[in-house]
Amino acid sequence: MANFQKLTPRSEDYSKWYNELVVKADLAEQSAVRGCMVIKPYGYAIWETIQAELDRRFKEKGVKNAYFPLLIPKSFLSREAEHVEGFAKECAVVTHHRLMNDPNGRGVVVDPQAKLEEELIIRPTSETIIWSTYKNWISSYRDLPILCNQWCNVMRWEMRTRLFLRTAEFLWQEGHTAHATKEEAEDYARQMLDVYADFACIEAMMQDGKALQAGTSHFLGQNFAKSFDVQFLSKENKYEYVWATSWGVSTRLMGALIMTHSDDNGLVLPPHLAPIQVVIVPIFKKEDDLNKLLVKLNPIADQLKALGIRVKVDTDEKYTPGYKFADYELKGVPIRLAMGGRDLENNTIEIARRDIQTKETISIDGIVEKIQSLLEDIQRNLLQKALDFRIANTREVNSYDEFKEELKKGGFLLAHWDGTAETEQRIKDETKATIRCIPLADLPGHKNEPGVCMVTGKPSAGRVVFALNY
RNA sequence: CGGGUAGUAGUUCAGCCCGGUUAGAAUGCCUGCUUUGGGAGCAGGAGGUCGUGAGUUCGAAUCUCGCCUACCCGACCA
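Everything quoted here is computed from the prediction, not taken from an experiment. Along each chain, numbering runs from 1 in the same order as the chain's sequence is written. For this description, chains carry letters from A and ligands carry numbers from 1, given in the order in which they are written. The predicted nature of this model means local features are confined to residues of pLDDT at least 70 and side-chain atom pairs, given and counted, to a pLDDT of 80 or more, with totals for whole chains, interfaces and linings taken over all residues. To obtain the side-chain values, all non-hydrogen atoms of the structure were included, while hydrogens and water were left out.

> Before we move on, could you go through a negative patch on the surface and cite the residues and values that matter?
Taken together, the side chains of Glu183, Glu184, Glu186 and Asp187 make up a negatively charged region of the molecular surface. Helix and strand definitions follow DSSP, with helices as H or I runs of at least four residues and strands as E runs of at least two, each counted in order from the N terminus. Structurally, the position occupied by Glu184 is in helix H6 (residues 182-199). Excluding any residue in a salt bridge, patches collect residues exceeding 30% relative accessible area, merging like charges within 9 Å and nonpolar Val, Leu, Ile, Met, Phe, Trp and Tyr side chains within 5 Å. Only the protein chains shown count as cover for residues, and the accessible areas themselves come from Shrake-Rupley with a 1.4 Å probe. Think of a salt bridge as a Lys or Arg side-chain nitrogen and an Asp or Glu carboxyl oxygen that are within 4 Å of each other. Under the counting rule used here, the positive set is Lys and Arg, the negative set is Asp and Glu, and His together with the chain ends is not counted. For charged residues, the charge sits on one atom: NZ in Lys, CZ in Arg, CG in Asp, CD in Glu.

In structure tokens, the structure reads:
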């Protein structure tokens, strides 16, 4: 065990650090199929807490879960040309429905007799099948709004993949709502944006200064209603097209979570999302010693559990305490308690926090309350640290030259832009930077005022956020 | 999808250039003893279609070609 391998430090190779961390922390691994990953139990447990929390918040907004099929008739995708343009190049297509034994040898081949009349597309997203269904559900204004969400997998045939950040198959939720009025739909899209923003950052900054889109919420107008002819009879007895929104987050959020907080020793998890929030490591020589320790430790664990805290008592004899310490650090467990013979005599316990890597030996009196507040401290600290990092790496730039220079340093750049797609494209072509957000309110420390576009000199309503992104 | 690199034990790799005993090491795994306050020690043991398919050859982990997969660079993508 002397030659265990440490993670590649972030400063040496950020990308390599990320890849190693995902695998070593037992979150996910590659599968036999290109671009598809196996999410391991520890990684999936984190996804489940994310799911549970978001699902609760969606339901508070009146959303109901449903499930729509994986396979979409090809013809559906022909109905909304603009929508399909984004996905056409990365769709998996089902063309046959039967295999047969290879007449020339071993194995199986596709039965040419079993060709489908209409090919089916594995969903890259579900708008088309959902709107073709909504058409049947909606006839009157009394049927609106419809607020549905589904948790499912989708597939996009990506050329270059990375675990969690960009995989060919990924898990997500997609909400699709139908409303009677434009105002209501716009308001709803905005509300869902707030749900996400409250939960995580929508456009998050990673430790290497790049941006990562973690979630989206769109007001879709009447495009889908028109493509799929979804109309309702209003109070005034007139036919009108419904208004749509869609919003989603995916397992990409896991990548954001990992890259936002973790360090060279491994994962760092915010307590709210950690599958194990507190791990207790007894340090013992003989079973007898362990039993004596457990007399003290089990009641602590029980009290923590009663408070809804996820706690694990690690009595495994196979690994030494040192090994366990390092391993739980790699896995990002927020708080570690350790108790040995000395502590037993002194009525003390060692408490270590993962986020700032400190430990102290304290009396076990009041330990439960201490842990409870410490978990909140850690949660706050991690959020604050991420915010501080973002603020420290968000800068105003006033000329295109300055923009190009500052871009090399990474982070978010606040710059004036004339609002045209042409200028945005030119900036992208010349610098690779893209507009990440158009702030709806002042960002901390930056007052949003009108100005002139850094590229064209035309008027600008306010600064927008540019960054290099994943 | 283009260019580059790689694939040998669960993992990290040596062997390949220059084809020829029974394919090695470390670590992990299993058993026993001993240990346990920051990745313990000793002894024994199990573990390999050398990514895959073809070709060259008396003989292929080693040479040639196709395919698959991963990583890096690009293109594409939200």
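> Give a description of the pattern of salt bridges that names residues and reports values.
Under the definition given, this model contains 29 salt bridges. A salt bridge links Arg354 to Asp263; the shortest N-O distance between them is 2.8 Å. Of the two residues, Arg354 sits in the loop between strand E20 (348-353) and strand E21 (358-363) while Asp263 sits in the loop between helix H8 (252-261) and strand E17 (278-282), which places them 91 residues apart along the sequence. Neither residue differs from the other here; Arg354 and Asp263 are each classed as buried. Where Glu406 meets Arg395, a salt bridge forms, and the shortest distance between an N and an O atom there is 2.5 Å. Of the two residues, Glu406 is situated in helix H13 (residues 400-407) and Arg395 in strand E22 (residues 394-396); the sequence distance between them amounts to eleven residues. Each member of the pair, Glu406 as well as Arg395, is classed as buried. Taken together, the shared-partner salt bridges connect Asp26, Glu29, Lys40, Asp327 and Lys331 into one network. The rule is simple: take the accessible area with a 1.4 Å probe, protein chains only, and divide by the maximum for that residue type; under 20% is buried, over 50% is exposed, in between is partly exposed.

> Account for the environment of Lys64, naming residues and giving values.
Note that Lys64 resides in strand E3 (residues 64-65). With relative accessibility at 58%, the residue Lys64 sits in the exposed group. Distance in space between the C-alpha atoms of Lys64 and Pro271 is 28 Å, their sequence separation being 207 residues. For Lys64, the contacting residues outside a window of four places in its chain are Leu147, Cys148 and Asn149. In this analysis, two residues are considered to be in contact whenever any of their non-hydrogen atoms come within 4.5 Å of each other.

> Pulling in residues and values, what's your account of the packing of helix H1 (residues 14-24) against H8?
At a minimum axis separation of 11 Å, H1 and H8 run at an interaxial angle of 115°. Crossing hand, H1 versus H8: right-handed. From H1, Tyr14, Trp17, Tyr18, Leu21 and Val22 reach across to H8, where they touch Gly255, Ile258 and Met259. Three classes are used, and their members are as follows: Ala, Val, Leu, Ile, Met, Phe, Trp, Tyr, Cys and Pro are nonpolar, Asp, Glu, Lys and Arg are charged, and the others, Gly among them, are polar. For the contact of H1 with H8, a count of residues per class yields seven nonpolar, one polar and no charged. For helices, the fitted axis covers only the stretch in contact; all axes are lines through C-alpha atoms, and the angles between them, taken along N-to-C directions, range from 0 to 180 degrees. In this scheme, a crossing is called left-handed if the near helix is turned counterclockwise away from the far one by less than a right angle; it is called right-handed if the turn is clockwise.

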